[in-house]
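# Commentary on secondary and tertiary structure
Below are the chains, spelled out letter by letter.
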Amino acid sequence: DAGVIQSPRHEVTEMGQEVTLRCKPISGHDYLFWYRQTMMRGLELLIYFNNNVPIDDSGMPEDRFSAKMPNASFSTLKIQPSEPRDSAVYFCASRVLTNEKLFFGSGTQLSVL
Amino acid sequence: DAKTTQPTSMDCAEGRAANLPCNHSTISGNEYVYWYRQIHSQGPQYIIHGLKNNETNEMASLIITEDRKSSTLILPHATLRDTAVYYCIVSRGTGANSKLTFGKGITLSVRP
């Protein structure tokens, strides 16, 4: 298996633009997590899904952020409109129900100018 | 989930054992201790986890005190590639609604 795949690897955009980050979890994994990492706040959990259903979105910063998981092999995190303070590395991770190991993707480095 | 406390940073010499401490004094009976590490610009990587017994795998050993209020991650022969941020996390583990909350971690610097 190729592991958790995220795209794009880097994204540079201007303030006010829509940004869409993508994630393909490991095949067969029941859970998918979105994390954000900044120097100031460290690694924060934004939202997670179980069997494509959002379970806990309490970490989503505000209404500008939305996440979807239309099927078991794809998830998106969208920011609209983007702001400079959204600049961070966004990680996607997945695991199965019966295994505590969380597998992370390589992350998307987002820069909002 | 219980909170953990780790030193901000530590270093060790290459080839020596690195002992990374973690305090989790409010851990409850059904919570596990997990260790992950994050090498610069990569996603975090699972290392090891345990409930109350000491654990060992190909990467590291985990020593949990009898009262479970603290633990130590041991890298037996540290290499330069072990330089990373190490996160100690307490969580209920598997099952519905189980999630990992990462703190600041401890930065380990392995010197030549």
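Relevant structure appears above.
I will try to describe carefully the structure that is included in this document. (Residues numbered from 1 in each chain as written. Chains lettered and ligands numbered in written order. Predicted model: local features only at pLDDT ≥ 70, side-chain atom pairs only at ≥ 80, totals over all residues. Heavy atoms only, no water.)

Okay, the pairing of strand S4 (residues 45-50) of chain B next. All names here are of chain B. Most of S4 sits inside the fold, with five of its six residues counted as buried. Here strand S3 (residues 32-38) pairs with S4 via five bridges, running antiparallel. Within S4, the position partnered with Tyr-36 by the bridge is Tyr-46. The hairpin formed by S3 and S4 contains six residues between the paired strands, and Ser-41 there has a positive phi angle of roughly 70°. (Buried < 20%, exposed > 50% of the residue type's maximum accessible area, 1.4 Å probe, protein only. Helix = DSSP H or I, 4+ residues; strand = E, 2+ residues; numbered from the N terminus. Pairing = 2+ DSSP bridges.)

Let us now look at the nonpolar core. One finds Leu-20, Trp-35, Leu-73, Tyr-86 and Leu-108 of chain B to be the most contacted residues of the largest nonpolar core, which totals 22 residues. Within the residue set of this core, elements represented by two or more residues are strand S2 (18-23), S3, S4, strand S6 (61-64), strand S7 (70-75), strand S8 (84-91) and strand S9 (106-111) of chain B. Looking at this core element by element, the count peaks at four residues for S8 of chain B. Those residues in contact with Leu-20 of chain B that sit more than four places away from it in its chain are Met-10, Trp-35, Ser-71, Thr-72, Leu-73, Tyr-86, Ile-106 and Leu-108 of chain B. Formed by 21 residues, the second largest nonpolar core is a distinct cluster that contains Leu-21, Leu-32, Met-69 and Leu-77 of chain A. (Core = buried A, V, L, I, M, F, W, Y, C linked by side-chain atoms within 4.5 Å. Contact = heavy atoms within 4.5 Å.)

With that settled, the discussion passes to the state of the cysteines. All chains considered together, the criterion is met by two disulfides over all chains. Each sulfur in the disulfide pair Cys-23 of chain A and Cys-92 of chain A lies 1.8 Å from the other. Taking the sign of the S-S torsion, about -65° here, the bridge from Cys-23 of chain A to Cys-92 of chain A comes out left-handed. Of the two residues, Cys-23 of chain A sits in strand S3 (residues 19-24) while Cys-92 of chain A sits in strand S9 (residues 88-95), which places them 69 residues apart along the sequence. Take Cys-23 of chain A: its relative accessible area is 1%, and that puts it in the buried class. In this model Cys-22 of chain B forms its disulfide with Cys-88 of chain B; the gap between the sulfur atoms is 2.1 Å. Between Cys-22 of chain B and Cys-88 of chain B the disulfide shows an S-S torsion of about -85°. By sign, it is left-handed. Residue Cys-22 of chain B is found in strand S2, and its partner Cys-88 of chain B is found in strand S8; the two are separated by 66 residues along the sequence. (Disulfide = S-S within 2.5 Å.)

Turning our eyes to something else, we now look at the environment of Phe-74 of chain A. As for its placement among the helices and strands, Phe-74 of chain A is situated in strand S8 (residues 74-79). In this structure the C-alpha to C-alpha distance between Phe-74 of chain A and Asn-52 of chain A, which are 22 residues apart in sequence, comes to 9.0 Å.

On their own, these measurements won't tell you what the molecule is for.
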